[in-house]
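Letter by letter, the chains look like this.
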Amino acid sequence: MYIILFFLCFCSILFSQSSENSIGDNFYNQRKYNLAIYEYEKLILKKQDDAEINAKLAISYMRIDNYNQSVNFLKNENDFTHQYLRLFANMKIDTVLGNEDIFFKISQSSMYTERQKEKAKLLSGTKFLEEMKLKEAIEFYNRVKNTSKEKDIKNKSQEILTQIDTYINIPRKSLLIGGGLSAILPGSGQIYSGQYVDG
């Protein structure tokens, strides 16, 4: 959930910029990602080193769940957008070593601001959430909250921690009890689980 939120915020910024590749942008904004890919690939033939077009092409591939292909367009190690998107794509591909390597490069580089490094750190923690490793996620985001110098990163970390706590404390009914009640008295399992209409 959080990984998608970061991704959507990042994409909206990138695609709201006016540029000469407006045909591809129009297709992207209409959610016609394959057509956007076609237009961006035509532009790449003319401008292979254009970081913005490569990023937009990579994001379009991500939108059709082709993360392996998207990584091929995120090779500019001097561009934070490329590194950030590459970190995201690698997380979706599940190449953990690639994530750690990219995060290490970002955190050690003098080319990136502290804010960019903090954003990359915040994104890298979402891997725990995707894998439902909530204990590790809580530890990670507490560490980020306590060590970050950026107020909004601290706030975002606290927001994530609050959401995790809310998720953990959702009341859950036992499937075994519900099944047992239904076996004894049909419909009582649905009543037990709060599905009164079904029971």
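(A) Spatial organisation of helix 11 (residues 151-168). Along its 18 residues, helix 11 runs 26 Å from first to last C-alpha, staying within 8% of the 26 Å computed at 1.5 Å per residue. By the burial criterion, the buried members of helix 11 are Ile-153, Ser-157, Ile-160, Leu-161 and Ile-164. All buried residues of helix 11 fall inside an arc of 100° around its axis, so they share one side.

(B) The arrangement of unusual backbone geometry in detail. Non-glycine residue Arg-31 carries a positive phi angle of around 65°. Within the fold, Arg-31 resides in the loop between helix 2 (22-29) and helix 3 (33-46). On the basis of relative accessibility, which here comes to 67%, the residue Arg-31 falls in the exposed class. For Asp-65, which is not glycine, the phi dihedral falls at a positive 60°. Note on placement: Asp-65 falls in the loop between helix 4 (51-63) and helix 5 (67-71). On the accessibility criterion, Asp-65 (59% relative accessible area) is exposed.

(C) Region of the structure containing the environment of Val-144. As for its placement among the helices and strands, Val-144 is situated in helix 10 (residues 134-147). C-alpha separation for the pair Val-144 and Lys-121, spaced 23 residues apart in sequence, amounts to 7.8 Å. Residues contacting Val-144, with those up to four places away along its chain left out, are Lys-121, Leu-122, Ile-153 and Ser-157.

(D) Local environment of the packing of aromatic side chains. Summed over the entire model, instances satisfying the criterion amount to three aromatic pairs. Between Tyr-61 and Phe-73 the ring centres are 5.8 Å apart and the planes differ by 5°, which places this aromatic pair in the stacked class. Taken together, the residues span a long stretch of sequence, with Tyr-61 in helix 4 and Phe-73 in the loop between helix 5 and helix 6 (80-93) at a distance of 12 residues.

(E) Molecular detail of the packing of helix 3 against helix 4. Closest axis-to-axis distance for the helix 3/helix 4 pair is 9 Å, and the angle between their directions is 155°. In this view, helix 3 runs roughly antiparallel relative to helix 4, as classed from their interaxial angle. In this structure, the crossing between helix 3 and helix 4 has a hand that is left-handed. Contacts from Tyr-33, Ala-36, Ile-37, Tyr-40, Glu-41, Leu-43 and Ile-44 of helix 3 reach helix 4 at Ile-53, Asn-54, Lys-56, Leu-57, Ser-60, Tyr-61 and Arg-63. Along the lines of polarity and charge, the residues of the contact of helix 3 with helix 4 split into nine nonpolar, two polar and three charged.

Reading guide: rules and limits
- Residues numbered from 1 in each chain as written.
- Predicted model: local features only at pLDDT ≥ 70, side-chain atom pairs only at ≥ 80, totals over all residues.
- Heavy atoms only, no water.
- Helix = DSSP H or I, 4+ residues; strand = E, 2+ residues; numbered from the N terminus.
- Expected span 1.5 Å × (residues − 1).
- Buried < 20%, exposed > 50% of the residue type's maximum accessible area, 1.4 Å probe, protein only.
- Arc of directions from axis to C-beta.
- Contact = heavy atoms within 4.5 Å.
- Phe/Tyr/Trp six-rings, centres within 6.5 Å; stacked < 30°, edge-to-face > 60°.
- Axes fitted to C-alpha atoms, helices over the stretch in contact; angles between N-to-C directions.
- Parallel < 35°, antiparallel > 145°, perpendicular 65-115°, else oblique.
- Left-handed = near helix turned anticlockwise from the far one by under 90°.
- Nonpolar A, V, L, I, M, F, W, Y, C, P; charged D, E, K, R; others polar.

These results come straight from atomic positions and should not be treated as a statement about function.
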